[in-house]
Amino acid sequence: MLARPMKLRLIDAINVVSLWAEIFSWWSEVQMGPPDPILGVSEAYKRDTNPKKINLGVGAYRDDQGKPYVLSCVRKAEAQIAAKKLDKEYLAIGGLGDFTKACAKLALGDDNEVIKSGRNITVQTISGTGSLRIGANFLSRFHTEARDVYLPKPSWGNHTPIFRDAGMQLKAYTYYDPKTCGFDFQGALNDISKIPEKSVIMLHACAHNPTGVDPRPEQWKEIADLVKKRNLLVFFDMAYQGFASGDIDRDAWAVRYFIEQGHNIVLSQSFAKNMGLYGERVGGFTVVCKDAEEAKRVESQLKILIRPIYSNPPMNGARIAATILNTPDLYKEWLGEVHGMANRIITMRELLVANLKKEGSTRNWKHVIDQIGMFCFTGLKPEQVERLTKEFSIYMTKDGRISMAGVTSGNVGYLAQGIHAVTK
Amino acid sequence: MSLFGEVPQATPVAVFKLSNDFKDDPNPMKVNLGVGAYRTDEGQPWVLPVVKKVEKLIVADNRLNHEYLPILGLPEFRSSASKIALGEDSPAIQENRVGAVQCLGGTGALKMGAEFLRRWYNGNDNMKTPVYVSAPTWENHNSVFANAGFKDVRPYKYWDAEKRGLDLAGFLGDLETAPKHSIFVLHACAHNPTGTDPTHVEWMQVAEVMERRKLFVFFDSAYQGFASGCLDKDAWAVRYFVTQGFEMFCAQSFSKNFGLYNERVGNLTIVARDADNVRRVLSQMEKIVRVTWSNPPSQGARLVAITLNTAELFAEWKDNVKTMADRVLLMRASLQAKLQALGTPGTWDHITQQIGMFSFTGLNPKQVEYMIKERSIYLMASGRINMCGLTTKNIDYVAKSIHETVVNVQ
C-alpha cells in the first residue's frame, strides 16, 4: 500500500526535473542584440516591396543598372587561376606572399624605400575589418604607453566597437563641419594639438567614410607636421584606394607623404571596393618599422595574434588580387575599371545636384560635388532620413550618409524628388 | 627610438616551424609526418574530385558575384552544415532550436563560440569560468580560449601514456570535481593528437556526469567523415548529447573532410532550448562577428553548400571522404604490421586502434629528435604522427626508422 504513493512521488519528481530542464536555458539572460546600423539598412531594404525603393545604405558599388559589378579583370584572373589547378593547402599565417608584397607596393609605391629596406611587415587580413582588428589587437598588446585611439568625428561606425573590443579607449578629434558640410581644418588642428603624446590617431587615407570629406594636400602637410610634434602613432585606414579620385597614386598620396616625413605608420587596406572582392575578404595590415630586424619581431607577434582567431587567411580573394596586381595586362585593366567606377560616382554626384535644382531646391548642395568617394554626407537630419525611408522607400544610414554607388541615372530623379520633399 | 623597440621575437608556432624545417631539409628520404593535411599515396595534396567539379560550376556561373555575405554567413551553407553534424532528422532541427554561424575554419568557429561564452554564458563576464581542454589537445585550443578572455584554461585527464589509451577514470574524475558550469571542449571524433576516442558507452558516462554537474558542452568536430569513413558514425557522440537534451556548441571544420584547408570553411552549430533562445544568441553572435571580420569569405562556403545540397554531388563527396579515410586505415594497418614483423619493442596495437588522421606513437621527445635529426622524419615533439604522411613508398623507411629509434634511443 505504501509503495504506490512513493512511486507516484518519484514520477512527479522526474516530471518536475524534466520540466525544469525544458524551460531552463543557459541563454535566458542573453538580450536581443540591436541590428547593425549599417548592414541592418540593407536587410530592411530587402524586406521592402516598393518597386521604387533605393538602397543607399551599405557601401558596395553598383553599376548604372543598380547591379553588383564583377570587374572584368577579376573574371579574367579567376579564369587564369582555375586553369592552374592549384592545391588548397593552408596559407601561411601571414597569408599569400604574392599578395602581401603586391599589397604593400600598391599602397606605398613600387620604389618606396620602406619596401626596399624590408622594414615593413604586411600580413594578409580578413578585408578591412580584419585588418583593423589585428591592428587594434596589436596596439592593445604592445602599445602600452597609451590606450587612447583618436577617431575623426564622425568615423566609420564599426571603428569604435572594434577598438573597444580590443581593449582600447576611444576619443575623437573634430573633423567634419556640419555648417559647411566640409572639413573643419582649424577645428581638427586645434583638437590634434591637444592629443596626449603617444596616443594613436586614426586617419582616413582618402574618401573619408562617412563624410566623403578629405583634407587637401596642403592641409595634410600641416596635419603631418602637427602629428609629428605631438608624437602620435598614426593608424591609416585606406579602404578606398583608387575609388576616391580614380587614381591609385593620388589616393595614396597622404599615406606616402606621412611615411616620407618619417612617420612609422600602421596601415589597413581593403580590396573589397576597389576590386569588388567584398565577400572574398581581401585585406592587408602593414606596420612600418624602424628596420628589417624589428619588422621580423613584429611579424612574429602578428602571427601569434592571428592564429587563435582564424589560424590563417582565405586563399581565393587574395589569389585573385595577387594575380591582378602582378600581371601587367590585368593591372592595367584594373586601373581602368577603378577609374571607371570612380567616374560613374562623380557623374552621379553632378546629376543629383542638377536634379535637386530642377526640383526647385534652393539649398546649397555644393558639398555633394565637393565630397569624394563612395559616400556623401547629405546633411539630412535623422527625422528627414526617417521620412525618406518611410515615405519614399529610400534607405540610408541615420546620419544622412548615402552611398553614391547606389545612385543610377534611372533613380537619381526619384532620389532628388525625395530629398527635396523632406528638406524644402 | 621606436614604439616597437620592446616587441620581443615570438617563438614560431611549432607545427608550422616543423613544416618549414622539412622544406629546407635536403635529404631525399625525408618524410613529413607533421601538419595535419591529407596526402595521396604519391605524397601529394589532394583536391577532391567533387571540389574540382563544383569549382568549375562556380567559375562558369555568371549569375554569381562577390557581394558581401550576411554577417552570419551563407544561409544554405549554415543549415546544410548543421545538418551534417546533427543529422537530417535531428529532433533539435525539427524543433527549430538549431542556429549556426559560418566562420573562418574550425579555428574561427571555436573563436566565435569562445567569445560568446565569455560574454554571455551563465550570466555575463565569464573571464574566471574554467575552460577544460583535454590533456593533450590541439595546441591552439589553449590560445583560442585564453585570447577570448578566459583566464582559467585547464587540462582534463584524457590520455593514459602508460596504457596508450583513454584515461576514463581520470576523465570522469575531472568532470566530477570541475566547478559547476565549467566549459568542456570535447573532440567529437578522431581526437587530435591522440587518435583515441571514447567508446559509445564511455561517452554515455561522460554525458551523465556533465548533465548532473551542469557542465557546458563544446564539441570540436574537425574530422567528421575522416575518422571511420562514415559521416553518421563519426557524429554519434554529438548526436547522442543532443538527444540527452543538452544545449551546446559544435565547432565544425570543413578543412579536412572537404580538403578546403585554405578557404577557411567552418560552422559553429548552436543547439539551444528553443527558437527564441537561438534568435537572441545569433543576434549577439552578429555583434561579435562584426568586430572581428564583419562577414565571412564566400568561396568555400558556396562550394560546400552546393555540394551538400545537390544529391549526386553529396554522394560523390561522401565517396571522396571514404577514399581518404580508407587510405589512412590502410596505412595504419600496414605500419602496425611492419613494426610487429620487425619485432620492434613495445606494443603497437594502438596504431590500429586509434582513429583519424593522427597517431600518438608513444615516442618520447628524445626519440622524436632522433627521428628528425638522424632520419629526416618530421613529427611533433609529442610523438604525434600524421598517418596521411605515410605512403606505400615510404612506409618501410618509416617503420625501420621507428624500430631503430626505439632500440637505440631511450
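Predicted, not measured: the structure shown is a model, and the values here were computed from it. (Residues numbered from 1 in each chain as written. Chains lettered and ligands numbered in written order. Predicted model: local features only at pLDDT ≥ 70, side-chain atom pairs only at ≥ 80, totals over all residues. Heavy atoms only, no water.)

*Asks:* Looking at this structure, I do not really get the overall build of chain A. What am I missing?
*Replies:* Looking only at helices and strands, chain A has 17 helices and 13 strands in total. Based on the C-alpha atoms only, the size of chain A along its principal axes is roughly 100 × 65 × 55 Å. Across the 424 residues in chain A, those meeting the buried criterion constitute 60%. Long-range pairs, those at least 24 residues apart, make up 75% of the contacts in chain A between residues at least 6 apart in sequence. Accessible surface computed for chain A: about 17500 Å², of which carbon and sulfur atoms make up 54%. Averaging the locations of the 55 positively and 46 negatively charged side chains of chain A gives two centres separated by 3 Å. (Helix = DSSP H or I, 4+ residues; strand = E, 2+ residues; numbered from the N terminus. Buried < 20%, exposed > 50% of the residue type's maximum accessible area, 1.4 Å probe, protein only. Contact = heavy atoms within 4.5 Å. Areas by Shrake-Rupley, 256 points an atom, 1.4 Å probe, with all protein chains shown as cover. Lys, Arg positive; Asp, Glu negative; His and termini not counted. Charge placed at Lys NZ, Arg CZ, Asp CG, Glu CD.)

*Asks:* Explain the sheet that holds strand β3 (residues 148-153) of chain A here, please?
*Replies:* The strands that make up a sheet pair up through hydrogen bonds in the backbone, lying either parallel or antiparallel. All names here are of chain A. Read across the open sheet, the seven strands follow the order β2-β10-β9-β8-β7-β3-β4; overall the sheet is mixed. Each edge of the open sheet is held by one strand with a lone partner, namely β2 (120-126) and β4 (169-174). Pairwise comparison of adjacent strand axes, ignoring direction, gives a mean angle of 25 degrees for this sheet. Pairing geometry for β3 and β4, over six bridges, is parallel. Paired with Leu151 across the two strands is Ala172, which belongs to β4. Sheet strands touched by helix α8 (residues 185-193): β4 and β7 (200-204). Its angle to β4, the strand with the most contacts, is close to 140 degrees. Of the strands in this sheet, β2 and β10 (282-288) are in contact with helix α12 (residues 292-310), which crosses β2 at around 10 degrees. (Pairing = 2+ DSSP bridges. Axes fitted to C-alpha atoms, helices over the stretch in contact; angles between N-to-C directions.)

*Asks:* When you look at the sheet that holds strand β9 (residues 248-253) of chain B in this model, what are you seeing that I'm missing?
*Replies:* Residue and element names in this part refer to chain B. Taken in spatial order, the seven strands make up an open sheet running β2-β10-β9-β8-β7-β3-β4, and their pairing is mixed. In the strand order of this sheet, the two ends are held by β2 (98-104) and β4 (153-157), each with one partner. Pairwise comparison of adjacent strand axes, ignoring direction, gives a mean angle of 25 degrees for this sheet. In this sheet, β4 lies alongside strand β3 (residues 131-135) in parallel orientation, the contact comprising five bridges. Counted as the bridge partner of Val131 is Val153 from β4. Seen against the sheet, helix α3 (residues 75-86) touches β2, β9 and β10 (265-271) and runs at an angle of roughly 70 degrees to β10. Contacts from helix α11 (residues 275-290) reach β2, β9 and β10, with the element oriented near 15 degrees to β2.

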